[in-house]
Amino acid sequence: MNAKFLLILFLVTISLAETSFSQSRVLENYIQEGLKSNLQLQQEQLNYERSVQNLQLSNALFFPQVSAVGNYTLAGGGRKIQFPVGDLLNPVYSTLNQLTNSSSFPQIANVNEQFLPNNFHETKLRVIQPLFNPDIYFAYKAQKELITVQQAQKEAYENELKFSIISSYYQYLQTEEAIGILTKTKGLLTELYKLNQRLVANAKATKDVESNAEYELSKAEYQLAEARKNNQVAKSYFNFLLNRDLSAAIEKDSVIMSGTTQNMSIQQMTSQALQNRQELKQIEGGLRANDQLLQLQKGSAYWPKLSAAGDIGYQGFQYKFDSPQQFYLVQFGLSWDLFKAGEKKTKIQQARIDNQVLENKLAQLKKQIELQVVQAYYEWETAQQTLLASQNGKRSSERSFQIIRSKYKEGQAILLEYLDAQNKLTTAQLTQSINHFELMRKEAALQKVIANL
């Protein structure tokens, strides 16, 4: 018997564990769906991918640039160079012909050549390689840090999105519970209305009890309509976060419970928040990037830039490629800004000021996070106490209503007592439901503050 009992208990425990695990996956699946489909998060992912591509562009500047360059020139007119080589040499050539009694030295014409080359081409490969350029090096290092900033920004939004999905899901479940409570209330008031109709018909009560019951019933119908409106709004917002059709059905986790109590102290939570919060990593990454930009400004101010360029190809008249036209050219370049009227020092000082601004923001954000942890913790703790009080109030109002309801049916209580007990019951049920989901939202808010969602 004992063994059979233990076996049944074990199977029940396993069943409950599986049910709990299955139900806990409902919200987790919605969170994962939101992380995949939320449009703003997709934008953050695109921004991150763009920063990765910017890093690739910065890295490309370290490598040589190779380009093919070709041009062909046709020209006519313009300035000319005139050189009277004929006037200078022809008398000499004539004398030499007379002395040698030959025509070995012919007459030549004066040179009259235009400056602009005609039927001239230059076709070459050009290679440019930076040898020493601090701008390229420190810009690359800064861009590398900016990737971590963009990644931290994306993860910070993920944390916010998770909380928004969780909070809106709880809000939807709370409106569902409110509809259920108000539907039951309407059923009780419908029963009361019919009971009063019978009492009036049997001359056991006056007409006003029927009218009062009818008024309370119409008021319950209004409250129910308001609850349904809130339910539709909550559903639409939840689906909006998941980038779904606003009227899409939402799976309800009927056994969802408040999370486990926190075992960490405020100091431990604060330490975890300061370690995990992506907003801090954003500013820290920005500081590191700005340090590299400061080094860039210093390098631009004090260091030269060296580069090498080489050309190899063909150059000459008529478009042909042969040995006489083949050439190569190698050049080394140096650029060093020696004076810019204080511009360099100003840029360095600006970079230092930017660093101080970021350091102040980092210190301020740390204080804000510490305050957020304290506020979230005590709000969560208060929500626990509030829920406990509302649960006790709900049980008391349920017992009181059952007593008054029985008395009213037996004619031992007046309508006012019945309606008062019923209103207290409905209010207590709604309050308990609100406080239940408010506790879970406060717990989620605490987890969001310490970046542990």
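Before reading further, recall that the structure is shown in the block above.
Predicted model only: the values in this text are computed from it and were never measured.

A.B. asks: How should the sheet that holds strand β6 (residues 326-335) be read in this particular structure?
C.D. replies: Hydrogen bonds along the backbone pair up the strands of a sheet, which may run parallel or antiparallel. Taking strand neighbours across the sheet as the criterion, the 4 strands line up as β1-β4-β5-β6 in an open arrangement whose pairing is antiparallel. Each having just a single partner strand, β1 (65-73) and β6 make up the two edges of the open sheet. Recorded for the sheet is a direction-independent mean angle of 20° between the axes of neighbouring strands. Pairing of strand β5 (residues 305-317) with β6 involves 10 bridges; the strand directions are antiparallel. Bridge pairing in β6 places Tyr314 opposite Gln326.

A.B. asks: Help me out: how do you make sense of the nonpolar core in this one?
C.D. replies: Judged by nonpolar contacts, the single largest core of 23 residues is most densely connected at Tyr30, Ile165, Tyr169, Tyr170 and Phe238. Of all the secondary structure elements, the ones that give two or more residues to this core are α1 (2-37), α4 (134-201), α5 (207-241) and α9 (415-449). With 8 residues, the single largest contributor to this core is α4. Core analysis: the second largest hydrophobic core is formed by 20 residues, Ile283, Leu358, Leu365 and Ala376 among them.

A.B. asks: Looking at this structure, how should I read the packing of helix α2 (residues 39-60) against α4?
C.D. replies: Pairs of packed helices are described in terms of their axes, by the angle between the two and the distance that separates them. As a packed pair, α2 and α4 sit with axes 9 Å apart at the nearest point and diverge in direction by 170°. Looking at the two axes, α2 sits roughly antiparallel to α4. Residues belonging to the contact of α2 with α4 are distributed by class as follows: 10 nonpolar, 11 polar and 4 charged.

A.B. asks: Would you mind going over α2 with me for this structure?
C.D. replies: Residues spaced three or four apart along an α-helix point in a common direction, a consequence of the helix completing one turn every 3.6 residues. In a regular helix each residue adds 1.5 Å, so 22 residues correspond to 32 Å; α2 covers 32 Å between its end C-alpha atoms and thus fits that length. For α2, the set of buried residues is Leu41, Glu44, Asn47, Ser51, Leu55 and Ser58. The buried residues of α2 occupy an angular sector of 110° when projected down its axis, which confines them to one face. Of the exposed residues in α2, those oriented more than 90 degrees away from the buried face are Leu39, Arg50, Gln53 and Leu57. By the N-cap criterion, in which a side-chain oxygen at the helix start approaches the backbone nitrogen of a residue two or three places on, α2 is capped by Asn38, the distance to Gln40 being 3.1 Å.

A.B. asks: I keep staring at the packing of aromatic side chains and nothing clicks. Help me out?
C.D. replies: Centre distance and the angle of the planes are the two values used to describe a pair of aromatic rings. By the definition in use, this model includes 18 aromatic pairs. Arranged with centres 5.6 Å apart and planes meeting at 85°, the rings of Tyr319 and Phe321 form a pair that is edge-to-face. An angle of 85° between the planes, with centres 5.3 Å apart, marks the rings of Tyr377 and Tyr378 as edge-to-face. Assessed through its relative accessible area of 42%, Tyr378 is described here as partly exposed. In this structure an aromatic cluster arises from ring pairing among Tyr72, Tyr314, Tyr319 and Phe321. In this structure, Arg79 packs its charged tip against the face of Phe115, placed 4.8 Å from the ring centre.

Thresholds, definitions, all that
- Residues numbered from 1 in each chain as written.
- Predicted model: local features only at pLDDT ≥ 70, side-chain atom pairs only at ≥ 80, totals over all residues.
- Heavy atoms only, no water.
- Pairing = 2+ DSSP bridges.
- Helix = DSSP H or I, 4+ residues; strand = E, 2+ residues; numbered from the N terminus.
- Axes fitted to C-alpha atoms, helices over the stretch in contact; angles between N-to-C directions.
- Core = buried A, V, L, I, M, F, W, Y, C linked by side-chain atoms within 4.5 Å.
- Buried < 20%, exposed > 50% of the residue type's maximum accessible area, 1.4 Å probe, protein only.
- Parallel < 35°, antiparallel > 145°, perpendicular 65-115°, else oblique.
- Nonpolar A, V, L, I, M, F, W, Y, C, P; charged D, E, K, R; others polar.
- Expected span 1.5 Å × (residues − 1).
- Arc of directions from axis to C-beta.
- Polar contact = N/O pair within 3.5 Å; in protein donor to acceptor, adjacent residues only side chain to side chain.
- Phe/Tyr/Trp six-rings, centres within 6.5 Å; stacked < 30°, edge-to-face > 60°.
- Lys NZ or Arg CZ within 6 Å of the ring centre and 35° of its normal.

Distances and angles like these do not, on their own, reveal function.
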